[in-house]
Amino acid sequence: MDKTIDRSELRKTWGGIFDDTTIFAIYRLMTRKKIKKLVSSIKEGKESLVLAADDKIAIKVYATKSSNFKRMQQYLIGDPRFAKIKSNKRSIIFAWCQKEYNNLLKARAHKVSCPKPIAFQSNVLVMEFLGKNYEAYPRLKDADIKNPKKAFDQVYENLRKLYNAGLVHADLSEYNILLGDKIYFIDFSQSVILAHPDADKFLERDIHNVCKFFSKYLTVDPVKILEKIKNDLSI
Ligand SMILES: Nc1ncnc2c1ncn2[C@@H]1O[C@H](COP(=O)(O)OP(=O)(O)O)[C@@H](O)[C@H]1O
Ligand SMILES: [Mg+2]
C-alpha cells in the first residue's frame with residue numbers, strides 16, 4: 001500500500017459526503033494510481049455524484065443507499081454480462097458501475113462521442129472529464145444551442161453508432177447529452193444490449209425524447225429516425 005495516501009485524511013475530508021465503502025473505493029483508486037486527488041463536488045445526478053479529479057478526470061459515485069434497486073434490476077435482466085449478479089443492493093450497485101464502464105468501452109470502440117472510461121472500483125467509476133477548468137459542459141437542456149441542425153445531426157450519428165455497437169442508451173434525453181465542442185452522450189449505466197427484452201421499446205423512447213426536444217427548433221420525425229437507425233442509414 002502507498003504510505004503517501006492517508007485513508008483517515010480522506011475520511012476526514014469526504015466522510016460527511018461519502019460512506020465507508022465509497023471512501024475505501026476512492027482510496028483504492030488512488031493506490032492503483034487511477035486518480036491523484038478529488039477537486040470538488042461538481043454535479044449531483046439522480047442517483048450519483050460526479051466530481052472532478054485531477055486534470056480532465058471525473059469520478060462518478062453511485063449512491064449506495066437512495067437508489068431505486070427495483071428499477072436497476074429491470075435493466076440488468078436479460079443481459080448475459082450480468083447473469084450471475086446477486087440480488088442484494090451492494091451487488092446491484094457494483095454491477096451498475098461496472099455496466100456503465102463496459103457500456104462506455106463498447107460505445108467508444110464504435111466511435112460514439114462519450115467520456116473515455118478509465119477504471120472502476122466498487123461503486124466508483126473513473127472517466128474522462130468533459131468540460132473546461134473543472135467546469136462540466138452544459139447539458140443540452142441548459143445549453144445555448146447556436147446550430148440546432150448540427151447538434152441534432154450529431155445526436156443522430158451517435159444514436160446510429162451506438163445501435164451499431166449493439167447498445168441502446170435507454171435513458172437518453174436533453175439531460176444526458178452534453179454540448180461542448182461537440183455533442184457527448186453520458187450516463188450509460190442503464191444502457192442495454194439489443195438482446196434485452198425491452199431494447200426496442202427503449203430505443204423508441206430515446207428517439208422520442210430527443211425528437212421532442214429538437215422539435216422546438218426543427219421538424220423531426222421520430223418514426224423516420226427510428227427506421228433509418230434500424231437500417232443503419234446516414235441522415
Ligand atoms: N464525464 C463527465 N464529465 C463532466 N461532467 C459529467 C460527466 N459525467 C457526468 N457529468 C455531470 O454530472 C451530471 C450527472 O451525471 P449522470 O451520469 O447523468 O448521472 P445520473 O445517473 O445521476 O443522472 C451530469 O448531468 C453532468 O453535468
Ligand atoms: Mg443523468
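Given the structure is predicted, the values throughout are model-derived calculations rather than measurements.

Colleague: I keep staring at the coordination of the magnesium ion (ligand 2) and nothing clicks. Help me out?
Modeller: The reference angle at a metal is 109.5 degrees if four donors form a tetrahedron and 90 or 180 degrees if six donors form an octahedron. Taken together, Asn176 (OD1) and Asp187 (OD) make up the full set of protein donors to the magnesium ion (ligand 2), lying 2.1 to 2.2 Å away. With asparagine 176 in the loop between strand S8 (167-168) and strand S9 (177-179) and aspartate 187 in the loop between strand S10 (183-185) and strand S11 (192-193), this pair connects stretches of sequence that are eleven residues apart. Exposure remark for asparagine 176: the relative accessible area of 7% places this residue in the buried category. The class of aspartate 187 is buried, set by a relative accessible area of 17%.

Colleague: Mind showing me how you'd approach the domain arrangement of the protein chain here?
Modeller: Quite often, the size of an interface is put as the accessible area lost when its parts meet. Domain annotation for the protein chain reports domain 1 (7-135) and domain 2 (137-230). For domain 1 versus domain 2, the distance between C-alpha centres works out to 22 Å. Of the residues lining the interface, 27 residues belong to domain 1; the matching set on domain 2 comes to 27 residues. Of the roughly 2100 Å² buried at the junction of domain 1 and domain 2 (both faces included), carbon and sulfur atoms supply 58%. Interface area lost by domain 1 to domain 2 is led by Tyr75, Ser113 and Leu130, which between them contribute 28%. Here domain 1 is connected to domain 2 by one salt bridge. The partner of lysine 60 in a salt bridge is aspartate 187, with the nearest N and O atoms 2.9 Å apart. The interface formed by domain 1 and domain 2 holds 13 residue pairs in polar contact (both at pLDDT 80 or more) in total. For the side of domain 1 that touches domain 2, the secondary structure elements donating two or more residues are strand S3 (57-62), helix H3 (69-76) and helix H4 (89-109).

Colleague: Would you explain the site of ligand 1 in this entry?
Modeller: In the vicinity of ligand 1 lie 17 residues, with Lys46, Ser48, Lys60, Leu130 and Asp187 positioned nearest. With respect to ligand 1, the side chain of lysine 60 contributes an N or O atom lying 2.7 Å from an oxygen atom. Contributing elements (two or more residues each) for the shell around ligand 1: strand S2 (48-53) and strand S5 (124-128). Taken domain by domain, the makeup of the shell around ligand 1 includes at least three residues from each of domain 1 (7-135) and domain 2 (137-230).

Colleague: Is there a simple way to think about the packing of helix H5 (residues 148-164) against helix H6 (residues 199-214) in this case?
Modeller: Packed helix pairs are specified by the crossing angle of their axes together with the interaxial distance, meaning the distance between the axes. Where H5 meets H6, the axes come as close as 11 Å, and the angle between the chain directions of the two elements is 175 degrees. Judged on the interaxial angle alone, H6 and H5 are roughly antiparallel. Where H5 approaches H6, its residues Pro148, Ala151, Phe152, Val155, Leu159 and Tyr163 are matched on the opposing element by Leu203, Ile207, Val210, Cys211 and Phe214.

Colleague: Teacher, can you tell me more about the nonpolar core here?
Modeller: Buried together is how nonpolar side chains tend to be arranged in soluble globular proteins. If you look at the biggest cluster of nonpolar residues, it comprises 57 residues, and the most contacted ones within it are Leu159 and Phe185. Summarising the domain contributions, this core has at least three residues from each of domain 1 (7-135) and domain 2 (137-230). With residues up to four places along the chain from it excluded, the contact list for leucine 159 reads Leu172, Phe185, Leu203, Ile207, Val210 and Ile229. Residues Ile26, Leu29, Leu51 and Ile57 belong to the second largest nonpolar core, which totals 21 residues.

Calculation rules
Residues numbered from 1 in each chain as written. Chains lettered and ligands numbered in written order. Predicted model: local features only at pLDDT ≥ 70, side-chain atom pairs only at ≥ 80, totals over all residues. Heavy atoms only, no water. Donors = N, O, S within 2.8 Å, 3.2 Å for Na, K, Ca; no water. Helix = DSSP H or I, 4+ residues; strand = E, 2+ residues; numbered from the N terminus. Buried < 20%, exposed > 50% of the residue type's maximum accessible area, 1.4 Å probe, protein only. Domains from an automatic or database assignment. Contact = heavy atoms within 4.5 Å. Buried area = accessible area lost by both parts, 1.4 Å probe. Salt bridge = Lys/Arg side-chain N within 4 Å of Asp/Glu carboxyl O. Polar contact = N/O pair within 3.5 Å; in protein donor to acceptor, adjacent residues only side chain to side chain. Near = heavy atom within 4 Å. Axes fitted to C-alpha atoms, helices over the stretch in contact; angles between N-to-C directions. Parallel < 35°, antiparallel > 145°, perpendicular 65-115°, else oblique. Core = buried A, V, L, I, M, F, W, Y, C linked by side-chain atoms within 4.5 Å.

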